[in-house]
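Close look at the chain arrangement
Okay, here's what each chain looks like letter by letter:
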Amino acid sequence: NAGVTQTPKFQVLKTGQSMTLQCAQDMNHNSMYWYRQDPGMGLRLIYYSASEGTTDKGEVPNGYNVSRLNKREFSLRLESAAPSQTSVYFCASPKSGRGLYNEQFFGPGTRLTVL
Amino acid sequence: ILNVEQSPQSLHVQEGDSTNFTCSFPSSNFYALHWYRWETAKSPEALFVMTLNGDEKKKGRISATLNTKEGYSYLYIKGSQPEDSATYLCAFRNRAPYAGGTSYGKLTFGQGTILTVHP
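Residues numbered from 1 in each chain as written. Chains lettered and ligands numbered in written order. Predicted model: local features only at pLDDT ≥ 70, side-chain atom pairs only at ≥ 80, totals over all residues. Heavy atoms only, no water.

Our focus in this paragraph is the overall build of chain B. A count of helical and extended segments in chain B gives zero helices and 13 strands. For chain B, the succession of helices and strands along the chain, N to C, is β-β-β-β-β-β-β-β-β-β-β-β-β. At 15 Å, chain B has a C-alpha radius of gyration in line with the 14 Å of a compact globule built from 119 residues. Projecting the C-alpha coordinates of chain B onto the three principal axes gives extents of approximately 50 × 30 × 25 Å. Scored against the burial criterion, the 119 residues of chain B give a buried share of 49%. For chain B, contacts bridging at least 24 residues in sequence account for 56% of all contacts bridging at least 6. When the accessible area of chain B is evaluated, it comes to approximately 5800 Å², of which 47% is carbon and sulfur surface. Taken as two groups, the 11 positive and 10 negative side-chain charges of chain B have centres that lie 9 Å from each other. (Helix = DSSP H or I, 4+ residues; strand = E, 2+ residues; numbered from the N terminus. Rg over C-alpha atoms; globule rule 2.2 N^0.38 Å. Buried < 20%, exposed > 50% of the residue type's maximum accessible area, 1.4 Å probe, protein only. Contact = heavy atoms within 4.5 Å. Areas by Shrake-Rupley, 256 points an atom, 1.4 Å probe, with all protein chains shown as cover. Lys, Arg positive; Asp, Glu negative; His and termini not counted. Charge placed at Lys NZ, Arg CZ, Asp CG, Glu CD.)

Below, the structure is given as C-alpha cells:
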C-alpha cells in the first residue's frame, strides 16, 4: 500500500498561471483533505471531502477549487496563481468512523513557489 | 476559527536533556487531541491521539498528558537524541455533527514547536 501519494513534489509557477495538484489514497478512506503549511502558521485546511461526491470549504479556500474525482482521488486546482499561494501543500486522508478520531495520514507534500 | 496555541515556537536542547512543550486548546466541546511529529522533508506522522481527561500516552521516550478541563496537553521527551529533532504539531478536534453514524469533524492544528537536539 502506498498510503497517500501526491504529485508533483515541486512546482514553480508564474503569477496568473494555473495548475492542478493531484492526490490519491489507496486506504479506502471516505474523507480526504487539502492543507497548506506556511511558516509560523501550522497546517491550515483549504478544502475537504467527507465522501465521494461531496466537497466543502475549509479555513482558507479562496483562490482554490477542488474535485473529488472518485473515492481514491482528490485534486486541488489553482486557476490563477498568486505569490500569496507560495506554500507547501499536503493532502491527507483520515481513518474515519466511530471511535477512530480522524487520525490523519499525510502525503509527501508539494512545494509550490509562485513568482 | 478555533484557537490552538503551541509553546515554545522553537527549542534547542543538548543530547541527553529532557524537554517538554505545551499545546493549548479550547476547553469546551472537546473530542480529541492529536500529536504529530514532522521531520524536515517528510510528511507529518501521528504520535498520539488522546481523548479522555487525564489520559497519558507513551511511545518509547516520548509521552503526553491531557487536561481537557483546562485545555492543555504536554508532550515530554526524555533523554533527547538528535533524531528527535523535528517539528511537533498538535491538532484539536471538537465534536462535530454526525452524518450517517460517522463523525467528520475537522482538525485545527497549532503552529508547531520546532525541536533541535544538538549532539
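After that view of the structure, there is still more to cover.
Enumeration according to the criterion identifies 17 aromatic pairs over all chains in this entry. A ring pair is formed by A:Phe106 and B:Phe109, whose centres lie 6.2 Å apart and whose planes are at 70 degrees; its orientation type is edge-to-face. Taken as a pair, A:Phe106 in strand β10 (residues 104–106) and B:Phe109 in strand β12 (residues 107–109) lie in two separate chains rather than in one. With respect to class, A:Phe106 is no different from B:Phe109; both count as buried. Three or more aromatic residues link up through ring pairs in this structure, and these residues are A:Tyr33, A:Tyr35, A:Tyr48, A:Phe90, A:Phe106, B:Tyr36, B:Trp38 and B:Phe109. (Phe/Tyr/Trp six-rings, centres within 6.5 Å; stacked < 30°, edge-to-face > 60°.)

Across chain A, pLDDT averages 90, with 93% of residues at or above 70. Per-element mean pLDDT across chain A ranges from 89 in β10(A) up to 97 in strand β8 (residues 74–78) of chain A. (pLDDT = per-residue confidence, 0-100.)

So, on to the environment of A:Tyr89. All names here are of chain A. By secondary structure assignment, the location of Tyr 89 is in strand β9 (residues 87–94). Along the primary structure Tyr 89 and Leu 76 are separated by 13 residues, whereas in three dimensions their C-alpha atoms are 9.5 Å apart. Excluding residues that lie within four positions of it along the chain, Tyr 89 makes contacts with Gln 6, Leu 21, Trp 34, Tyr 35, Arg 36, Ile 46, Tyr 64, Leu 76, Leu 78, Gly 109, Thr 110 and Leu 112. There is a polar contact of 2.6 Å between the side chain of Tyr 89 and the backbone oxygen of Gln 85. (Polar contact = N/O pair within 3.5 Å; in protein donor to acceptor, adjacent residues only side chain to side chain.)

Moving on, we get to unusual backbone geometry. Cis geometry marks the peptide bond from A:Thr7 to A:Pro8, where omega comes out at -10 degrees. Assignment of secondary structure puts A:Pro8 in the loop between β1 (4–7) and β2 (10–13). The residue after B:Ser7, namely B:Pro8, is reached through a cis peptide bond having omega -5 degrees. For B:Pro8, the location among the structural elements is in the loop between β1 (5–7) and β2 (10–14). Positive phi values are uncommon outside glycine, yet B:Asn29 reaches one of about 60 degrees. For B:Asn29, the location among the structural elements is in the loop between β3 (19–24) and β4 (30–38).

Looking now at the pairing of β8(A). Residue and element names in this part refer to chain A. Of all five residues that make up β8, four are buried, and the element is covered over most of its length. Bridge analysis of strand β7 (residues 65–68) against β8 gives four bridges, and the strand direction is antiparallel. The residue of β8 that forms the bridge with Val 66 is Leu 76. (Pairing = 2+ DSSP bridges.)

What follows concerns the pairing of β9(A). Residue and element names in this part refer to chain A. The element β9 is largely enclosed, with a buried count of eight among its eight residues. With five bridges connecting them, strand β4 (residues 32–37) and β9 associate as antiparallel partners. The residue of β9 that forms the bridge with Tyr 35 is Phe 90. The sheet contact formed by β9 and strand β11 (residues 110–114) spans three bridges and is antiparallel. Across the sheet, the residue bridging to Ser 87 is Leu 112, located in β11. Here three bridges tie β9 to β10, and the two strands are oriented antiparallel to one another. Residue pairing for β10: Ser 93 is matched across the bridge by Phe 105.

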